[in-house]
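# Observations on chain architecture
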Amino acid sequence: MSQMPGAAQLQKRQPRATATPFSLWEGRKEGTSRHPHPQSTTRGGGRLMAPPSVLLITISVVVLASVPILDGLELELGGDGLYREILRDETVLRLKELGKISDGEGFLERTFLSPASIRATGVIISWMKDAGLTTWIDQMGNIHGRFEPSNSTHKALLIGSHMDTVIDAGMYDGALGIICAISALKVLKVTGKLERLTRPVEVIAFSDEEGVRFQTTFLGSAAVAGILPESILQVSDKSGNTVQDVLKLNSFEATAAALGQVKYSPEFVGSYVEVHLEQGPVLEALRYPLGVVKGIAGQTRLKVIVDGSQGHAGTVPMKLRRDPMVAAAELVVTLESLCKDPSRFLTYEEECGCFTEESLAGLVCTVGELLTWPSASNVIPGQVNFTVDIRAMDDKVRETIVASFSRIVMQRCDDRLVDCAVEHKHSAAATPCDPELTAQLEGATRSAVSAMSTTPGGVHRRAEPTTPVLMSGAGHDAMAMARLTKVGMVFVRCRGGVSHSPEEHVAEDDVWAAGLALLRFVDQHMVAVEL
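A short tour of the structure in this document, coming up. Owing to the predicted nature of the structure, the values given are computational and were not obtained by experimental measurement. Just so you know, the residues in each chain are numbered from 1, in the order the chain's sequence is written. Where totals are concerned, whole chains, interfaces and linings use all residues; where local detail is concerned, this predicted model gives features only for residues with pLDDT of at least 70, and gives and counts side-chain atom pairs only at 80 or more. Excluded from the side-chain calculation are hydrogens and water; included are all heavy atoms of the structure.

## Some points on the state of the cysteines
Note on terminology: pairs of cysteine sulfur atoms within 2.5 Å are recorded as disulfides. Tallying each qualifying case throughout the model produces two disulfides. A sulfur-sulfur distance of 1.7 Å marks the disulfide that ties cysteine 339 to cysteine 365. The sign of the -70 degrees torsion about the S-S bond sets the cysteine 339-cysteine 365 disulfide as left-handed. Taken together, the residues span a long stretch of sequence, with cysteine 339 in helix H9 (residues 324-340) and cysteine 365 in strand E11 (residues 364-366) at a distance of 26 residues. The class for cysteine 339 is buried, based on a relative accessible area of 12%. Each residue gets one of three labels from its accessible area relative to the maximum for its type: buried under 20%, exposed over 50%, partly exposed in between, using a 1.4 Å probe on protein chains only. Relative accessible area serves as the criterion here: at 21%, cysteine 365 is assigned to the partly exposed category. Two residues share a disulfide in this structure: cysteine 413 and cysteine 420, whose sulfurs sit 1.7 Å from each other. Given an S-S torsion of about -70 degrees, the disulfide between cysteine 413 and cysteine 420 has left-handed geometry. Taken in N- to C-terminal order, the disulfide-linked cysteines of the protein are connected 1-2, 3-4. A run of H or I in DSSP becomes a helix once it reaches four residues, and a run of E becomes a strand once it reaches two; helices and strands are each numbered from the N terminus.

Here you go:
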């Protein structure tokens, strides 16, 4: 098990010049084995070198388009306390630059340890160093940038999100949280406050959250949280390459012991905060740029299999058919009705009289895939399969809906003389955000939006007196990190609620608001007051 570092354990390195190769096996001095650089191996002479059998991977560290920080600029930036040159202008430029780093031609695709991911790693490292952070890459390809205050014994604040994308993605999902965090810490560096931090702070760009390549989510954050099973190393992608193969190809050890080194110890971590675009329409409807998250919905995935009698579309009389397509269609509509109005379907024993309107809020059910066999226009299908995705903030509600729907499936299938089976494919409990951390983030977002609403021509003049509190129906790295420490999240308004699409968009001023809120959160709760 690796442990988080103390101040004496961190070896400070000067930022490299631009366009200089950066090795994943960048050397450290001897005697720092508890520092979370688990990919390093101690060799003689005080240098840490890669084992001879491991091919070194190099990443060109190039500082891309950014706003130059000149001597004395902190005075200009601090005039109104809004730091738009870094938190808006530079952040937006960096989002666009990262959005161009893709494995796809003409669309954004950046999956776990792909060539584009490796190129993006070098860029993110350069930005972290620009913010005054010490950087390293762990054994799952997560990128870390950390500032360690002198003589601090406090637990660290971790701030993170993911650098991978879906296929044909937008440029804000994941990247927004990483770059906003780096920008907020850069402001602290420019204003001289970074040295006054009372707690260590660390930005983590997780290598995989979407699960596109290996169809399993949270590879990066689950490894840090210590909940990634060793069996993950043998999971294969569509090309037959295992996680272990891909790690070795990129010069990682790819062993169970190496995965264990990625894990952080709870005794060194105080909290985790994530900034993420909302991926929904609520904030836009409220005309408010930011919201805080009270929790992430639990999720159950089912596969329903309906078997009937395959036959000729023209010769089997209607009254003699055992048609699985019709049964499946009825079940899909019934699922929609069940989730729109649960009280119509739940028995007293299931409901226990304990479900309130609040506990049922946010319940959503989706059939996203339907397959038929043999799938011909003139054949009554022999089998129909469909998927069911059920999400709710209240785990008891979700479990009750799953049980109720499973019971309804059997009843309806008996009525139609078809055979049915319900397979449970995935289940994840709801993740509540820490109330105290959420309150602190709420105060920081309210302060940031209020400050921006006073700017000439500011788009946030219609700010509400309280920050919206939302539930997340989508999964985030915070779900995995909640197994390690208390978590909090900030949502950022996105146009039309559209995500996982090239149409994904966050207004520049909303990017600014997110960075300013994160800056104020850190400043208010982690920066020592000058005497």
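## What about the packing of helix H2 (residues 84-99) against helix H15 (residues 508-526)?
Fitted lines through C-alpha atoms give the axes, limited to the stretch in contact for helices. The angle between two N-to-C directions lies from 0 to 180 degrees. Direction vectors running N to C along H2 and H15 enclose 120 degrees, while the axes themselves pass 9 Å from each other. Relative to H15, the element H2 is oriented oblique. In this structure, H2 meets H15 at a crossing whose hand is right-handed. Packed against H2, whose contacting residues are Arg84, Leu87, Arg88, Thr91, Val92, Leu95 and Lys96, the element H15 presents Glu508, Asp509, Val511, Trp512, Gly515, Leu516 and Leu519 at the interface. Under the grouping applied here, Gly and all other residues not named as nonpolar or charged are polar, the nonpolar ones being Ala, Val, Leu, Ile, Met, Phe, Trp, Tyr, Cys and Pro and the charged ones Asp, Glu, Lys and Arg. Taken together, the residues of the contact of H2 with H15 break down into seven nonpolar, two polar and five charged. By the definition adopted for this analysis, an angle is roughly parallel if under 35 degrees, roughly antiparallel if over 145, roughly perpendicular if from 65 to 115, and oblique otherwise. The handedness criterion is simple: a crossing whose near helix is rotated anticlockwise from the far helix by less than a right angle is left-handed, and one whose near helix is rotated clockwise is right-handed. Residue contacts are defined here by distance: any two heavy atoms, one from each residue, within 4.5 Å place the two residues in contact.

## Quick notes on the side chain of glutamate 90
Tracing the backbone through its elements, the reader meets glutamate 90 in helix H2. Identification of polar contacts relies on pairs of N or O atoms within 3.5 Å, with a donor-acceptor requirement for protein atoms, meaning one able to donate a hydrogen and the other able to accept it, and with residues adjacent in sequence counted only if both atoms are side-chain atoms. Within the structure, glutamate 90 has its side chain in polar contact with the side chain of lysine 186 (distance 2.8 Å).

## Quick word on the environment of isoleucine 296
Among the secondary structure elements, isoleucine 296 is positioned in strand E8 (residues 290-296). C-alpha separation for the pair isoleucine 296 and alanine 430, spaced 134 residues apart in sequence, amounts to 5.7 Å. Excluding its chain neighbours within four sequence positions, the residues that come into contact with isoleucine 296 are Met393, Ala430, Thr431, Ser472, Ala474, Gly475, His476, Ala478, Met479 and Met489.

## Re the packing of aromatic side chains
For this analysis, a ring pair means two rings from Phe, Tyr or Trp (six-membered ring only for Trp) whose centres lie within 6.5 Å, classed as stacked if their planes differ by under 30 degrees, edge-to-face if by over 60, and tilted for the remaining angles. Evaluation of the coordinates by the stated rule reveals two aromatic pairs. Ring plane angle 75 degrees and centroid distance 6.1 Å describe the contact between phenylalanine 112 and phenylalanine 214, whose orientation is recorded as edge-to-face. Of this pair, phenylalanine 112 sits in the loop between H2 and helix H3 (115-130) while phenylalanine 214 is found in the loop between strand E6 (201-206) and helix H5 (219-225), placing the two residues 102 residues apart along the sequence. As far as the burial class goes, phenylalanine 112 and phenylalanine 214 line up, both buried. For the cation-ring pair, arginine 88 lies above tryptophan 512, with the distance from its terminal atom to the ring centre recorded as 5.0 Å. Any Lys NZ or Arg CZ found within 6 Å of a ring centre and within 35 degrees of that ring's normal is scored as a charge over the ring.

## As for the environment of glutamate 330
For glutamate 330, the position within the fold is in helix H9. Looking at glutamate 330, the relative accessible area reads 26%, which means it is partly exposed. Between the alpha carbons of glutamate 330 and arginine 412 there is a distance of 8.2 Å; along the sequence they are 82 residues apart. Beyond its immediate chain neighbours, meaning those up to four positions away, glutamate 330 contacts Arg412 and Arg416.

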